[in-house]
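Here is what each chain is made of, one letter per residue.
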Amino acid sequence: MRKHGSIRLRLVIGLLAIGALLVLSPGVGSDRAYVGWCDAWRAAFDVPPDPRHLLTKPRTDLNADGRIDDAEIARYVLNARVIGFDHRLARSLLALVVGATLASCGATFQVLFRNPLATPYTLGVASGGALGAMLALRFGMLERVAGIPVMTLCAFLGGLAVVALVFVFARRSRRLTSNELLLAGVTLGMFCSAMMLLVQFMSDERLTFALVRWMMGSLDTVTSARTAELLPFVAPAWLALIASAPALNQYRLGDELALSRGVRVVRLQVICIVACTLATAAVVAHCGPIGFVGLVVPQLAGRVFRWDCRILLPASLLVGGGFLIVCDFLAQSAMGAAAAVTGRRLSGTILPIGVVTALVGVPMFLVVLARRTGRDADPDR
Amino acid sequence: MTTERHAAALADPRPAGFAELSLHDLVFGFARNRPFLGPISWRVGPGEFWGVLGPNGAGKSTLLKLCCGLLRPVSGEVALNGRSIHACPPRRRARHITYLPQRLPPTYELTAFDVVLLARYPFRALNFFESAEDVEAARLALDRAGAGTLRGRRMSTLSGGEAQRVHLAACLAQDAPLLVLDEPTASLDVRCQIDVLRVVQDRVADGSGAAVVALHDVNLALRHCTHALLLVGGRIAASGVPGDVLDPERLRRVFGVRFDPVRRGDGTMTAVVVQADDAQTCANTVQSD
C-alpha cells in the first residue's frame, strides 16, 4: 500500500503491454489473408504499403506476372483494413473486454465470499446462461430481436434468473452470508447442468454439436459492434467495482469491523453481486462460458499487486484483458503453427478459447501456487 | 444522492464532539419473545472510562455491539449525543465511535502501518487514496499506542501483544471520541494488559471522549477504570465506581468465587484476591459438572 511508486510503474507497464497487444492484433489471425500488422496500420492511416513488403505476400500478385498493379494494391489495402480492423482488432478488443470483466468479477467474488475458489460463475450465471441458450437453440429460436440474437437474450435471462433464485434462497436465512450464497449457487448450477444434459439427451446430433461448441466459449466476431453491444453492461460494472474498492478493503477485515467503520455491508454485497452478475451474464450471453480467467487471473494479479483492492481490481482488469488477448492469439495461431510443423492441413482453424485459457492458465496457476512460500501463504487467499 | 451525503459528512466539523451515549430501556434478543439482553438503561459521559465486567455469556459483547449500532435492538434506543444511533449514517457514526471486535480481524500480509491506515476510511469519503493527512494521523496513532517501531512489520510476524497494540493504534487513528473495545486485554501478558489500558486511559483523560471496555480481570478494572458495569444474565447487576461495584460479596454472588479485598490505608479497595480454599472448591465444582 505504501509503495505507490512501484505500483504505478507496474500499472503503466500493464497499460503499455495491452496497448502493444492491440497494436499487434491486426496482424494475428487464423485466416490466410497474409495481412501484417504494419500493413493494416498503414492502410488505416492511408499510407501506401511498402511494395517490397507486398511481394512477399503470396496472394497479392493475383495475375502471377511478377508485377503488382494499382488495382492489386488497392485490393490489398482494402483487405488489410477490413481483415485487420473489422475482424482481428475487433476480436482482440472483445477479448480485452471479456477478459477484463471476467477477471475483475472473479477478484471481486473472491474478496466478497472470502473464498479463493469463487469465480464469476459461482452463483450459477454460466449454468443458467448456458441452459437459456440451449433452450433457445433446442426450440429453434434463432431469429433476432432488436438486433440481438434470441439465443443471447435467453442466455442473459437464464443467468439472471438463476442468480435471482440464489438471492431469494439466501435472503430466506435473513443474513446474506457468503457460505449460504455459495451453496445455493453451486446447487442451482448443478441443477442447470442436469437440465442441460437432459435437453442434450433429447436433441439430435446437430443441435448437440452446436451446444457443445457454445459451451467451449468463442470470441468469433464480425465487427466491433458486438464489443460495443457489450459495453453498456460491462463498463458500469467495472466502475461500480472500482468505486467499491475502498469499502471492499474494509470488508476484508470482517463484517463487524467494516460496519463499525461506516461500510454498509449488505448494500456493498448487493451492489457487487448485481454488478458482477450483469456483466458476467452479458459476457456469457455473447461468448459462451469462458472458464478459468476469473479463477486464475485474480490470483496472478494478487501475486503482483498484493492485497489492496484499489490496486487489485484495476490490475485484474488489465491482466485479465491481456491474458485473454494472448490466449486468443494462441488459439488463432496454434493450428496454423501445427499445420506448418506437420505439413498437414488440420481441421478447425481456431481453437476454442475456453480450451486455451485452461491449457495456458493451469500451468501458470500451479507455478504460482508452488512458489508461495511459507511467509506469503495465508489461509484466506 | 450518496455523493451529496458524503459531501455533507465531509463538511461536518472534523473533531466529532462527544456529550453522552445513553441507552434507554434497551432490549435485545436473537429470537423473538426471548430477550437475551435488557432492559438496560445506562449513560456514558465524557471523560469516563467504563469497564464492562460479567461472566461469560452475560451479554458483554452484545451490549458493546449495540452501543456501536452494529446490532438492532428489539426495543429501546441507543442515543449518541441525544440522537438515535440508527438514524445516523454509518460513515458519520464511524467518526463518533470506534470499535475493536473481540476476535481480531484477518490481516493477510499487511504491514502494521497498512492496518492503521485502513482505519482512516471514515474520513476518505471522496478521495480514493490516502491523503498526507491520513498518513500523518496513522503515524501519530502508532506512536501513541507505543507501536511506532512496528510500523513496517508484517502483521503475521507480530506477537499477540504487538498485534493488539497495532489494532489499538488503528482505533486511535479512526479519531473517534468514543472507544468501544471488546476484551482488548485477552491473551496478553500482564505488562501488555497494563500498557493497552494506559493508552486508553491517556486517550480518555482530557475529557473530550470516553471509553467502554469489556474486561475479565477485576483488578485491571479497579486499577484503570473510572466506572464499572457489572452485567449478569443480560441485566445490569451494578454500575458506578469500580470500588463499589466490584465488591467482594457481590463478586461471590455473581461468579461463585470468594475474593479477599486488598485495601489502601484510607479504606478504598485496590485489588481483590481469590481465596485460596475457594479456588479449590471451584476446581471441584467444575470437575463434578
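As shown above, the structure is provided for reference.
In this text the structure is predicted, and so the values were computed from the model without any measurement.

Peer 1: What is the right way to read the state of the cysteines from this model?
Peer 2: Note on terminology: a disulfide is the covalent bond linking the sulfur atoms of two cysteines. Per the counting criterion, the structure on display carries 0 disulfides over all chains. In this structure cysteine 309 of chain A is not part of a disulfide, and its nearest cysteine sulfur, from cysteine 272 of chain A, lies 9.0 Å away. Taking relative accessible area as the criterion, cysteine 309 of chain A reaches 1% and is therefore assigned buried. With no disulfide of its own, cysteine 67 of chain B lies closest to cysteine 68 of chain B among cysteine sulfurs, the gap being 6.5 Å. By relative accessible area, which is 1% here, cysteine 67 of chain B ends up buried.

Peer 1: Sorry, what's going on with the nonpolar core here?
Peer 2: What tends to happen in soluble globular proteins is that the nonpolar side chains get buried as a cluster. With 95 residues, the main nonpolar core has Val98, Leu219, Ile273 and Ile290 of chain A as its most contacted residues. With 17 residues, the single largest contributor to this core is helix α4 (residues 70-112) of chain A. The residues contacting isoleucine 273 of chain A, other than those within four sequence positions of it, are Phe109, Leu112, Phe113, Leu123, Val163, Phe167 and Leu181 of chain A. By size, the runner-up hydrophobic cluster in this structure holds 59 residues, among which are Ile194, Leu215, Leu220 and Met269 of chain B.

Peer 1: Explain helix α14 (residues 353-371) of chain A to me, please; I cannot follow it from the model alone.
Peer 2: For an α-helix the count is 3.6 residues per turn, leaving residues at separations of three or four pointing the same way. All names here are of chain A. The end-to-end C-alpha distance of α14 is 27 Å, a good match for the 27 Å that 19 residues give at a rise of 1.5 Å each. In the structure, α14 departs most strongly from a straight axis at glycine 361, where the bend amounts to approximately 30° and where the proline proline 363 lies between one and four residues downstream. The set of residues buried in α14 consists of Ile353, Gly354, Val356, Thr357, Gly361, Phe365 and Val368.

Peer 1: Help me understand helix α5 (residues 125-138) of chain A in this model?
Peer 2: All names here are of chain A. Between its first and last C-alpha, α5 extends 20 Å over 14 residues, near the 20 Å set by a 1.5 Å rise per residue. Among the 14 residues that make up α5, 12 are buried, leaving the element largely enclosed by the rest of the structure. In the stretch just after α5, glycine 140 is the one whose phi turns positive, near 65°.

Peer 1: Quick question: what am I supposed to make of the interface of chain B and chain A here?
Peer 2: It is common to give the size of an interface as the accessible area that goes away when the parts come together. Contact with chain B, which involves 31 residues of that partner, is made by 29 residues of chain A. Across the chain B/chain A interface, buried area totals approximately 3000 Å², and carbon plus sulfur atoms make up 58% of it. Counting across the chain B and chain A interface gives 2 salt bridges. In this assembly, chain B and chain A are joined by 4 residue pairs in polar contact (both at pLDDT 80 or more). Every element with two or more residues in the side of chain B that touches chain A is listed here: α1 (2-11), α3 (90-94), β6 (97-100) and α4 (112-118) of chain B. Top contributing element to the side of chain B that touches chain A by residue count: α3 of chain B, with 4 residues. By residue class, the composition of the side of chain B that touches chain A is 19 nonpolar, 3 polar and 9 charged.

Procedures and definitions
Residues numbered from 1 in each chain as written. Chains lettered and ligands numbered in written order. Predicted model: local features only at pLDDT ≥ 70, side-chain atom pairs only at ≥ 80, totals over all residues. Heavy atoms only, no water. Disulfide = S-S within 2.5 Å. Buried < 20%, exposed > 50% of the residue type's maximum accessible area, 1.4 Å probe, protein only. Core = buried A, V, L, I, M, F, W, Y, C linked by side-chain atoms within 4.5 Å. Helix = DSSP H or I, 4+ residues; strand = E, 2+ residues; numbered from the N terminus. Contact = heavy atoms within 4.5 Å. Expected span 1.5 Å × (residues − 1). Bend = angle between axes of the 7 residues up to and from the residue. Buried area = accessible area lost by both parts, 1.4 Å probe. Salt bridge = Lys/Arg side-chain N within 4 Å of Asp/Glu carboxyl O. Polar contact = N/O pair within 3.5 Å; in protein donor to acceptor, adjacent residues only side chain to side chain. Nonpolar A, V, L, I, M, F, W, Y, C, P; charged D, E, K, R; others polar.

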